[in-house]
Structures are given as structure tokens and as C-alpha cells.
Amino acid sequence: MASNFPKPEEKSLQALRDAANRLRLHSIRATCASNSGHPTSCCSAAEIMSVLFFHTMRYKPQEPGHPSNDRFVLSKGHAAPVLYAAWAEAGYIKEPELLKLRKIDCDLEGHPTPRLPFVDVATGSLGQGLGAACGMAYTGKYFDKASYRVYCLMGDGESSEGSVWEALQFGFHYKLDNLVAIFDVNRLGQSEAAPLKHDTDMYRKRCEAFGWNTYVVDGHNVEELCRALWQASQQKGKPTAIVAKTFKGRGISGVEDADNWHGKPIPKDKVESVLNSIQSQIQTNKVFSIQPPAQDVPEISYKDIKMPSPPAFKIGEKVATRKAYGLALAKLGNANSHVVALDGDTKNSTFSELFKQAHPERYIECFIAEQNMVSVALGCAARNRTIAFASTFAAFFTRAFDQIRMGAISQTNINLCGSHSGVSIGEDGPSQMALEDIAMFRTIPGCTVFYPSDAVSTEHAVCLAANTKGICFIRTSRPETPTLYSQEEKFEIGHAKVVRKNDADKVTVIGAGVTLHEALKAADELAKQGIHIRVIDPFTIKPLDANTIISNARATGGRIITVEDHYKEGGIGDAVASAVSGEPSILVQSLAVSGVPRSGKPEELLDLFGISAKKIIAAVKSTFAN
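Residues numbered from 1 in each chain as written. Predicted model: local features only at pLDDT ≥ 70, side-chain atom pairs only at ≥ 80, totals over all residues. Heavy atoms only, no water.

> Talk me through the sheet that holds strand E15 (residues 507-511); I want residue IDs and the actual numbers.
Strand order in the open sheet formed by 5 strands is E14-E16-E15-E18-E19, and the pairing between neighbours is mixed. The sheet is open, and its two edges are formed by strand E14 (497-500) and strand E19 (587-593), each paired on a single side. Put simply, the sheet's adjacent strands are angled 25 degrees from each other on average, direction ignored. Taken together, the 4 bridges between E15 and strand E18 (residues 559-567) define a ladder with parallel strand orientation. Across the sheet, the residue bridging to Ile 510 is Thr 562, located in E18. In the packing of helix H19 (residues 546-555) onto the sheet, contacts are made with E14, E15, strand E16 (533-537) and E18, and the angle to E16 comes to roughly 175 degrees. Seen against the sheet, helix H20 (residues 572-579) touches E15, E18 and E19 and runs at an angle of roughly 145 degrees to E18. (Pairing = 2+ DSSP bridges. Helix = DSSP H or I, 4+ residues; strand = E, 2+ residues; numbered from the N terminus. Axes fitted to C-alpha atoms, helices over the stretch in contact; angles between N-to-C directions. Contact = heavy atoms within 4.5 Å.)

This is the structure we're talking about:
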């Protein structure tokens, strides 16, 4: 195959070498201007970036977010200045802007974020870029069926992250031959050498063991890079890894390949000589003619998605909200052809299998690799190519918290559904019980947290999530519970439902999911005893309907009891207490799971951990006694 390589002319190769050195100059000047940053990490990647941006990639320089463009993910996000420099050389950024690097009034931040139109996903927390690139490549190959290719530049240090190998496994399994991962093996990490140092053969063996077509190159040799990237484009049925041996701080005398220069600008007394030395190697000032992409990406419509029909559940019908989620997702897939579903080998428990049965071509099995599943979802949703829903047990999203956190920085629109929440799952025991998930998702900026309590509200949550910006989390439960709402009931984000109300109510009880049904059982039993309580279903925990909660609390003597199948810290009780903190006449008592739970029957566990109907009744009576 290599014998057919259309080798660029020498003048073109020299122009690429010169462009690499200009990228070095830009990176050094920018980091000196900000007196912070990672110029040595930029310098090792300069030739890789030059060849990618000015020889290999097909894109519209003045339309960096064009859906047909090739994608580039800088997984080693600390090398952001070299990315900004490449876009300056491409003509999109004005050179003087580079000197505003890391300034408060400039979007050229220390690590890339989608405030910039040429950044699809935020990077900087290492080991995540390749997973997102997998999502983009999967979308390009199987959903868009388009010719754009995806390139991910990674550091050797970050390849210690397990999420990198989750992504390598995914890329091979799905034959992502439109994906190229480039390892910038510059030997040095932050505080010492990376574990494999310059053992490029070991990197090659590892990538090949994961099924990738792999090339080892001199990462400062533009001809070798051109050849390897061309060979990658000829490869069918496999993704390609390019292991590029480079030197950190390449071109900087006294700094190249030296310890203790990570994240440090070049000292002011050395800058001039360093810049002059690099400048002296530049022979041309070629303006590159960047090849445009093939414009073969289909147009999509994803706004104002509506369900094709109202919910089909009848009041009193027992349905687990996890099953209602699967039914609703399959139905949403009928409404819009760009809804896609991902799962981590739990589809027969989360019921995302119902989507797979209805729309097999739009379902991605991510297997037991939840960190990668979230990253893939980010990639699928990039440039608004899909409406992505990813599901697993809610407890297992905690291991992907960093990917979710980075998703918020990425300004992503992805929807995550966590099933098997709380002690109500029963005998499976504490390792499977999500009891921290509400707290986790409440901390995510711009995240909407849905906690539906029946099948009808679950279906509305799914449809609302598809139409809502930012990350959405839908918390579902394992037990079957009665349908509370009619088919005509309307739901809105941030609007609670008062599901039981009497003028004689003495306490407001707020529950969600399983505990809302326990609160209703308690209300029925208390009513027989002549005690009336008001029961509220918050529907969304974030944003919380503070107005409804406060007005109903005032009407019931300022007494609120929250009851939740979640730990006390960060859950519904904390959310309600925060919402009413400016109301000194309102008191909040929180019933929540305390301590690590154990296996048992759901009803036994609800009682043992103080969140059953019986314990709600006791709490209501205790409120009067006090």
C-alpha cells in the first residue's frame, strides 16, 4: 500500500516543516504573553498539527463548525496553544488574538472549550478525547453515512488512563475506519517520564493487540506523518493508531527532552534567542490551500420534538418507571429519526432494549465501560448530529462523573437515564443501589434532574429531555408502581404536582419515585385517623419548583417532611431546604437513607432505612408531638 503513496513534492514538505515551526513560535509567544501554559507540549506536536491541518484534513477554515468538515479532537488539552496557532495559520483566528491566551476577556482558554466554534468537546481532563472521537466517528460512519474523518491527538502520559483503552476497544469493535488516534509519545509526563518512555514498539504492540491498524513514525518527520495518515485513509474495516516518537520542547535549546519543563513558559531572558533559533529554520511563508470537505452530511431537524401520541397508560396501572423509560424512548425514536440510544450492557434492565428492538440501526451497545459510554454520547451529540440518550444503572454513572463534568464544560446536549435507584431495588444489595446520583447530578452546571414517579410522567420526562439544552438526567426505579396521572396531564420542567390536597392538611410531604407512593399510602392511612397531609411530586429536582413548595408549606403550618430513596447529603431534602432557606417560618425534616444499606426485600429496606409509609406516618405524628 505504501508504494502507492502520493508523496508530496519537496517544496510542500518544506512548507509543512515551516508551518510546524510557525506553530512553535505562536505557542511560545502566547504562553510567554500569558506567563503560563504548556509550550513544551505544543512543540512536540507541531509537525503532527502541521500535517493534519495543512495537508491531510478536509475542512472549511472560515466555517470551523461545518457538519461536513473533518473532526479534530485535542485530547491532550494542555497543548491548546498549538491548536489555536493552527487555526491562526488557517486564517480563522487573527494572530494578535493569540497573545490574549488565558485572559479573562478571551475565549482562547488554558484548555479548549466549545466557546470556540472549532472545539467540539472540552478537553483537559486527560484520557477522554478518544472516547468522544469514537462517538463522532460512529456517527459519521453509521448515522450520517458521510465521508468526514475524525482525528484525535493524544499524549503518551494520558494513555495510562483506563478510559483510553475502553475507547480503543470500542473503535475496533465497531470497525471505525474513519478514525485515527495519534499518540504524541514525547516521553515526559508532568512530574516525571511516562511509564513506557520512548518504547514506541510497546505502544505499537498494545494498539495492535486492541485490533488497531498501527504505524510507528518519527513524529517530527513530516513525510513519515503524511505517509502514515494517507495509509490510514486507505485502511478499511479498522481504525488506525499512529505512534509518533517526539521530543517534548522540540526546537528549544536546553529545554528539549529535559525534565521539569511541563507547564512552564520559556524564561524571559531566553525567549528572544529561542524565537530567533526557530525562525532561522523557516525557509518559506507558504499560504496553504486547504482542501474543502465533500458536502455529503444530511440535514437534520431536531427542534420541538413531539411524541406521536399521548401516553397510553391508565390510572392505577402498575408500571415500573424504568420500563416506561424504554417504551417512551422507542416512541420518541418514531417521532424523530435522529434520536439514538446507548447502553452499557444493561439494556434488559434499563429497558433501552425496547428502543433497540424498534430502531436497531440507531442503538449503540457500549458494553461495560460507562466512562467511554458517556464520552461516546458526547461525540454522537457533537455538532447537533444526534439526540443521544445513554442509560445504565444510576449507580454506575458515578464512575463516569468526570466525563459528565467535562460534558457540562463541553456545553453538550446529552440525556442520561439511571435505573435501579435506591434501596427499593431490593436483594441485589448496596453495590447496585444508586444513593448518591441526585447529589452528583445536582452539582453539574445547567443539568436538569428529572425524577418521575409514574409511567406518564416518565414519558413526559423523556420528551422534555430531548428538547432541553444541557445535560439531562432521568432517575428511574425498579419496582412497579401505580400510574398516578391521566393521559391528558401536562408536565413542565421546574413545575411540581400537588397530588394530594385538603384544606385541613397539617404537613406537606414531598416524595419522588418510590417514596411518593409511600407518601400517598401514608396519607391514606393518616386520613383514616383524621390527620390530613399534603403530598407533592417535584417531578424535577433541578430546577426545583420552590414557589409551589413554599406556598403549600405555608398552607400547612410551615411544616415540610421530605422522604427520598437516596442518601441525605445532596438529595431532595437538601434541595428543598435550600429552596426554603429564606423562609424562617418553614421547617424541613428529611427522611433519607443513612449508612450503607444491605440486601433484603424492597419493603423491608424501605422500612429499615426510615422511608416507608409507616415511617412517614411516625414522622408526621412526631411533628405534632413536637
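Let us keep going from here.
> Talk me through the packing of helix H11 (residues 321-335) against helix H17 (residues 455-466); I want residue IDs and the actual numbers.
Two numbers describe a pair of packed helices, the interaxial angle and the distance between the axes. Packing of H11 against H17 leaves a shortest axis separation of 8 Å and a crossing angle of 45 degrees. Here H11 is positioned oblique relative to H17, judged by the angle of their axes. Once H11 is placed against H17, the crossing between them reads as right-handed. Of the residues in H17, those touching H11 at Thr 321, Ala 324, Tyr 325, Ala 328, Leu 329, Lys 331 and Leu 332 are Ala 455, Thr 458, Glu 459, Val 462, Cys 463 and Ala 466. Split into classes, the residues belonging to the contact of H11 with H17 amount to 9 nonpolar, 2 polar and 2 charged. (Parallel < 35°, antiparallel > 145°, perpendicular 65-115°, else oblique. Left-handed = near helix turned anticlockwise from the far one by under 90°. Nonpolar A, V, L, I, M, F, W, Y, C, P; charged D, E, K, R; others polar.)

> How would you explain unusual backbone geometry if you had to name every residue and give the values?
A cis amide bond links Lys 542 to the next residue, Pro 543, at an omega of -5 degrees. Topologically, Pro 543 is positioned in the loop between strand E17 (540-542) and H19. Phi is positive for His 420, close to 60 degrees, though the residue is something other than glycine. Structurally, the position occupied by His 420 is in the loop between strand E10 (414-419) and helix H16 (437-442). Despite not being glycine, Phe 539 has its phi angle at roughly 65 degrees, a positive value. With respect to the element layout, Phe 539 can be found in the loop between E16 and E17. According to the relative accessible area criterion, Phe 539 is buried, its value standing at 0%. (Buried < 20%, exposed > 50% of the residue type's maximum accessible area, 1.4 Å probe, protein only.)

> An account of the sheet that holds strand E8 (residues 363-365) is needed here, citing residue identities and associated values.
An order of E8-E7-E9-E10-E12-E11-E17 is seen for the 7 strands of this open sheet, with the pairing classed as mixed. What marks the edges here is a single partner per strand, and that holds for E8 and E17. Sheet twist, expressed as the average angle between the axes of neighbouring strands with direction ignored, equals 20 degrees. With 3 bridges joining them, strand E11 (residues 448-450) and strand E12 (residues 472-475) adopt parallel strand pairing. Looking at the pairing, Val 449 lines up with Phe 473 of E12. Of the strands in this sheet, strand E7 (339-343), E8, strand E9 (387-393) and E10 are in contact with helix H14 (residues 370-381), which crosses E9 at around 170 degrees.

> Hey, could you go over the environment of Gly 570 for me, with residue numbers and the actual values?
Its location among the elements puts Gly 570 in the loop between E18 and H20. For Gly 570, a relative accessible area of 15% translates into the label buried. Counting along the chain gives 128 residues from Gly 570 to Arg 442, while the straight-line C-alpha distance between them is 7.6 Å. What Gly 570 contacts, discounting residues up to four positions off in sequence, is Ile 438, Ala 439 and Arg 442.

> I'd like to hear about the pattern of salt bridges, residue by residue, with values.
Pairing between side chains of opposite charge can happen when the charged atoms of each approach one another. Applying the stated criterion across every chain, the model contains 33 salt bridges. Taking the shortest distance from any N to any O, the salt bridge between Lys 11 and Glu 9 comes out at 4.0 Å. Each member of the pair Lys 11 and Glu 9 is classed as exposed. Residue Lys 76 pairs with Asp 184 through a salt bridge whose shortest N-O separation is 2.7 Å. (Salt bridge = Lys/Arg side-chain N within 4 Å of Asp/Glu carboxyl O.)

> Just give me the short version of the pairing of strand E5 (residues 240-245), but keep the residues and values in it.
Burial within E5 is extensive, with 5 of its 6 residues counted as buried. Across 6 bridges, strand E3 (residues 179-185) lies against E5 in parallel orientation. Counted as the bridge partner of Ala 181 is Ala 241 from E5. Pairing of strand E4 (residues 213-218) with E5 involves 6 bridges; the strand directions are parallel. Across the sheet, residue Thr 214 finds its bridge partner in E5, namely Ala 241.

> Can you tell me about the UniProt feature "domain: Transketolase-like pyrimidine-binding" (unreviewed entry) in the protein, naming the residues and giving the values?
Residues annotated by UniProt as "domain: Transketolase-like pyrimidine-binding" (unreviewed entry) correspond here to residues 319-483. The annotated region residues 319-483 carries 39% helix and 20% strand content, and the separation between its end C-alpha atoms amounts to 7 Å. (UniProt positions renumbered as here; feature names shortened; annotations may be inferred.)

> Give a detailed account of the side chain of Arg 385, specifying residues and quantitative values.
With respect to the secondary-structure elements, Arg 385 resides in the loop between H14 and E9. There is a polar contact of 3.0 Å between the side chain of Arg 385 and the side chain of Asp 144. With residues near it in sequence (within four places) discarded, Arg 385 still touches Pro 67, Arg 71, Thr 139, Asp 144, Val 297, Pro 298, Ile 300, His 338 and Cys 380. (Polar contact = N/O pair within 3.5 Å; in protein donor to acceptor, adjacent residues only side chain to side chain.)

> Can you tell me about the nonpolar core, naming the residues and giving the values?
Ranked by internal contacts, the top residues of the largest apolar core, which has 81 residues, are Leu 130 and Leu 342. The leading source of residues in this core is helix H6 (residues 129-143), at 8 residues. Ignoring anything within four residues of it in the chain, the contact list for Leu 130 reads Ser 75, Cys 152, Met 154, Val 164, Ala 167, Leu 168, Leu 179, Ala 181 and Trp 212. Ranked by size, the runner-up nonpolar core spans 54 residues in total, among them Phe 53, Ala 80, Leu 83 and Tyr 215. (Core = buried A, V, L, I, M, F, W, Y, C linked by side-chain atoms within 4.5 Å.)

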